[in-house]
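Spelled out, the chains give:
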Amino acid sequence: MALPNAYSQYNNSKILTASPAELTLMLYDGAIKFCNIAIVAVEHKDIEKAHTNIVKTEHIIDYFRQTLDMKYPVAEDFDRVYAYLNQRLVEANIKKDKEILEEVNQHLRSMRDTWKEVMKKGRGQDI
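Parameters at a glance
Residues numbered from 1 in each chain as written. Predicted model: local features only at pLDDT ≥ 70, side-chain atom pairs only at ≥ 80, totals over all residues. Heavy atoms only, no water. Salt bridge = Lys/Arg side-chain N within 4 Å of Asp/Glu carboxyl O. Helix = DSSP H or I, 4+ residues; strand = E, 2+ residues; numbered from the N terminus. Buried < 20%, exposed > 50% of the residue type's maximum accessible area, 1.4 Å probe, protein only. Core = buried A, V, L, I, M, F, W, Y, C linked by side-chain atoms within 4.5 Å. Contact = heavy atoms within 4.5 Å. Patch = residues over 30% accessible without salt bridge, like charges linked within 9 Å, V, L, I, M, F, W, Y side chains within 5 Å. Areas by Shrake-Rupley, 256 points an atom, 1.4 Å probe, with all protein chains shown as cover. Phe/Tyr/Trp six-rings, centres within 6.5 Å; stacked < 30°, edge-to-face > 60°. 1 Å grid on protein atoms, 1.4 Å probe; cavity = no way out; pocket = protein on both sides within 12 Å on 5 of 7 lines; lining within 4 Å. Points joined across faces, edges and corners; volume = space filled by probe spheres on them. Nonpolar A, V, L, I, M, F, W, Y, C, P; charged D, E, K, R; others polar. Axes fitted to C-alpha atoms, helices over the stretch in contact; angles between N-to-C directions. Parallel < 35°, antiparallel > 145°, perpendicular 65-115°, else oblique. Left-handed = near helix turned anticlockwise from the far one by under 90°.

Enquirer: Any chance you could explain the pattern of salt bridges here in plain terms?
Expert: Side chains that carry opposite charge are capable of pairing whenever their charged atoms lie near each other. Within this structure, the stated rule accounts for nine salt bridges. With a closest N to O distance of 2.5 Å, Asp77 and Arg80 form a salt bridge. Of this pair, Asp77 and Arg80 are both found in helix H4 (residues 73–95), three residues apart, which corresponds to roughly one turn of the helix. A residue is classified by how much of its surface remains accessible, and Asp77, at 38% relative accessible area, is partly exposed. The shortest N-O distance in the salt bridge between Glu91 and Arg88 comes to 2.7 Å. Separated by three residues within a single helix, Glu91 and Arg88 lie in helix H4, roughly one turn from each other. When its relative accessible area of 22% is taken as the criterion, Glu91 is described as partly exposed. For Arg88, a relative accessible area of 17% puts it in the buried group. Through salt bridges with shared partners, one network takes in Asp29, Arg112 and Asp113.

Set out below in structure tokens:
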């Protein structure tokens, strides 16, 4: 079918043409999306779907940790936050705990929103 292929091409193009700041924003959005899916899956007792989406969220956070530039002192703070979020995701996955997932998602949203503000100030305009 042509429509799904066109959507896929659009998404690929969007990624390939994005700035590093926009890619970071997309990753935050992806982590939030996967965490939301995991929350709904836990509510519906879909253990496999919950696990899959928690792991996807963990992978994004792992990527953030791996790409920190540790020559800046603030990177250590981010590393501790990401380590905490990963620890909580592991707990949520073991227990299939919706409340832990909601806590992680709240942190991710806050970090994403802060990142958006940084992008706005960097550009001097709205996103």
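Still more ground to cover, so stick around.
Enquirer: What am I meant to see in the nonpolar core here?
Expert: Nonpolar side chains in soluble globular proteins generally cluster together in the buried interior. Counting 25 residues, the largest nonpolar core has Tyr82, Leu85, Leu101, Val104 and Leu108 as its most contacted members. Per-element tally for this core: the top contributor is helix H2 (residues 20–43), with nine residues. Those residues within four positions of Tyr82 in sequence are excluded, and the remaining contacts are Tyr28, Ile61, Phe64, Arg65, Leu68 and Met111.

Enquirer: How should I be thinking about a nonpolar patch on the surface in this particular structure?
Expert: Together, Tyr72, Val74 and Phe78 line one region of the surface with nonpolar side chains, adding up to about 280 Å² of accessible area. By secondary structure assignment, the location of Tyr72 is in the loop between helix H3 (47–66) and H4.

Enquirer: Looking at this structure, I do not really get the packing of aromatic side chains. What am I missing?
Expert: Each aromatic ring pair is summarised here by two numbers: the centre-to-centre distance and the angle between the ring planes. Following the criterion strictly, the structure yields three aromatic pairs and no others. Aromatic side chains Phe64 and Tyr82 sit 5.4 Å apart centroid to centroid with 20° between the ring planes, which places their arrangement in the stacked category. Residue Phe64 is located in helix H3, and its partner Tyr82 is located in helix H4; the two are separated by 18 residues in the primary sequence. The same class applies to Phe64 and to Tyr82, which are both buried.

Enquirer: Would you take a moment to explain the layout of surface pockets for this structure?
Expert: Empty space among the atoms becomes visible once a probe the size of a water molecule is rolled across them. The volume enclosed by the largest pocket comes to roughly 500 Å³. Lining the largest pocket we find 20 residues, and of these Thr24, Tyr28, Leu68, Tyr82 and Trp115 sit closest to its centre. Put simply, the parts of the chain that give the lining of the largest pocket at least two residues each are H2, H3, H4 and helix H5 (98–123). Taken together, the residues that form the lining of the largest pocket break down as 15 nonpolar, four polar and one charged. Lining the second largest pocket are 10 residues, and of these Met26, Leu27, Asp29, Gly30 and Lys33 lie nearest its centre. Among the elements of the structure, helix H1 (2–16) and H2 are those that each provide at least two residues to the lining of the second largest pocket. The element contributing the most residues to the lining of the second largest pocket is H2, with six residues.

Enquirer: Would you take a moment to explain the packing of H2 against H3 for this structure?
Expert: Close contact between H2 and H3 brings their axes to 8 Å; oriented N to C, the two are set at 155°. As judged from the angle between their axes, H2 and H3 are roughly antiparallel. Of the two possible hands of crossing, H2 and H3 adopt the one that is left-handed. Where H2 approaches H3, its residues Thr24, Leu27, Tyr28, Gly30, Ala31, Phe34, Cys35, Ile37, Ala38, Ala41 and Val42 are matched on the opposing element by Lys49, Ala50, Asn53, Ile54, Lys56, Thr57, Ile60, Tyr63 and Phe64. Considered class by class, the residues forming the contact of H2 with H3 number 14 nonpolar, four polar and two charged.

What is shown is where atoms sit, not what they do.
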